[in-house]
Amino acid sequence: MTYVPQIHSALRAESLGATQQILADVQKPPAEDTHLELMLFALNVLNKHEIYTMKKIPWLLFLQLLPFIWMSCSETPSKHEENDAQELQRTDSIPGTNPCSGTNPMHLAGQFNPANDPEFQVISARFTPKTRIFLRKEALSAFEAMWNAARNDGIELIILSATRNWTYQRGIWNRKWNGLGYSEFEGKARAIEILKYSAMPGSSRHHWGTDIDLNAFENEWFENDPVGKALYAWLQANASQYGYHQVYGDTSNGRRGYREEKWHWSYLPLADPLLACYLSHPPSGAFEGFEGAQWSDSISIVESYVNGIDRP
Ligand SMILES: [Zn+2]
């Protein structure tokens, strides 16, 4: 931030005796460092400390400062602009074969609010006891067709969980990390233990709005309860006609990642392209800001867990 010393030295030159507070303010630039915001930020700092008044500094000096501020802001593109440029280069390099074309990168790591996203729709109370949970529209209409067919066969499908954004997933993860259930494990071992059934924020298929959890979070219910057994048998026989698949089957075939989840079903017509995009362009910055995030690389979250699925 080259404009910081310029303001500082100008203030010193005018013997204004810049206070610690002014420096503290100047050294806290806005998060979104666009040119306009930097200009407004500089104006606000000067305004707050009444530096523009005739008592403190001549107007002319302030006006002379503005070009320096502007130039220093213009010297280097912002981090966002650099990232965008790199992204464009990468995604344009193989025309027609880019697996991320048409994908909103924010959706991959769950960095959005499905309540405000036009691609998502709230799930009707007919299908879930939860209020205001969401799915992508296409996945929801496929589920509705499946739900009707199951109902005609005497099976009641109930959605217990659907889209979960990054913030929600962080809540689940941090609760487990700090809970008594995992306190006997430390560091990486604790992360691996939680990963038996829960995803790290930024890596969950529930971010994508294509995956649902049905009826009970226990394999045992689907294996031994008469209602659960019938429901699971119905899903195995029929769900694929509606695009839904159990992606976390048992691991006897060598599948890596999460343990078996008989309740977790994925709408593959939308989830498969999202997975292809995720694997080719893993979302940057997704594995930061939660407990144990530093283990994500050494555990190979992307390769072992995001890609650790059964395919039809
Ligand atoms: Zn699930």
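As the structure is a computational prediction, the values presented were derived from the model and not from experiment.

Draft legend 1. Inspection of the overall build of the protein chain at higher detail. From N to C terminus, the protein chain includes 13 helices and six strands. Within the protein chain, the fraction of its 312 residues that count as buried is 31%. Across the protein chain, every contact between residues at least 6 apart in sequence was considered, and the portion connecting residues at least 24 apart equals 70%.

Draft legend 2. Examining the sheet that holds strand β4 (residues 211-214) more closely. The sheet built from four strands is open, its strands ordered β3-β4-β6-β5 with antiparallel pairing. In the strand order of this sheet, the two ends are held by β3 (159-161) and β5 (244-246), each with one partner. Pairwise comparison of adjacent strand axes, ignoring direction, gives a mean angle of 45 degrees for this sheet. Across three bridges, the pairing between β4 and strand β6 (residues 264-267) is antiparallel. Across the sheet, residue Asp211 finds its bridge partner in β6, namely Ser266.

Draft legend 3. Inspection of helix α8 (residues 166-178) at higher detail. Across its 13 residues, α8 extends 18 Å between first and last C-alpha, which sits within 8% of the 18 Å expected from 1.5 Å per residue. In the core, the buried residues of α8 are packed alongside α9 (187-194).

Draft legend 4. Representation of the confidence of the model for the protein chain within the structure. Of the residues in the protein chain, 69% reach a pLDDT of 70 or more, and the chain-wide mean stands at 79. This model gives residues 1-63 a pLDDT under 50, and the stretch forms 60 contacts once residues within four places in sequence are excluded. Low confidence marks residues 65-95, where pLDDT is under 50. Its contacts with residues over four positions away, or in another chain, come to 23 contacts.

Draft legend 5. Region of interest: the pairing of β6. On β6, burial covers both faces: His264 and Ser266 on one face and Trp265 and Tyr267 on the other are all buried. Taken together, the three bridges between β5 and β6 define a ladder with antiparallel strand orientation. Paired with His245 across the bridge in β6 is Ser266.

Draft legend 6. Spatial organisation of helix α11 (residues 226-238). The end-to-end C-alpha distance of α11, which contains 13 residues, comes to 18 Å, matching closely the 18 Å that a straight helix rising 1.5 Å per residue would cover. Within α11 the residues assigned to the buried category are Leu231, Tyr232 and Leu235. For α11, the angular spread of the buried residues around the axis is 100 degrees, confining them to a single face. More than 90 degrees from the buried face of α11, the exposed residues found are Pro226, Ala233 and Ala237. Of the surrounding secondary structure, the elements contacted by the buried residues of α11 are α10 (219-224) and β6.

About the thresholds
Residues numbered from 1 in each chain as written. Predicted model: local features only at pLDDT ≥ 70, side-chain atom pairs only at ≥ 80, totals over all residues. Helix = DSSP H or I, 4+ residues; strand = E, 2+ residues; numbered from the N terminus. Buried ≥ 20, exposed ≤ 12 C-beta atoms within 10 Å, placed from the backbone. Contact = placed C-beta atoms within 7 Å. Pairing = 2+ DSSP bridges. Axes fitted to C-alpha atoms, helices over the stretch in contact; angles between N-to-C directions. Expected span 1.5 Å × (residues − 1). pLDDT = per-residue confidence, 0-100. Arc of directions from axis to C-beta.

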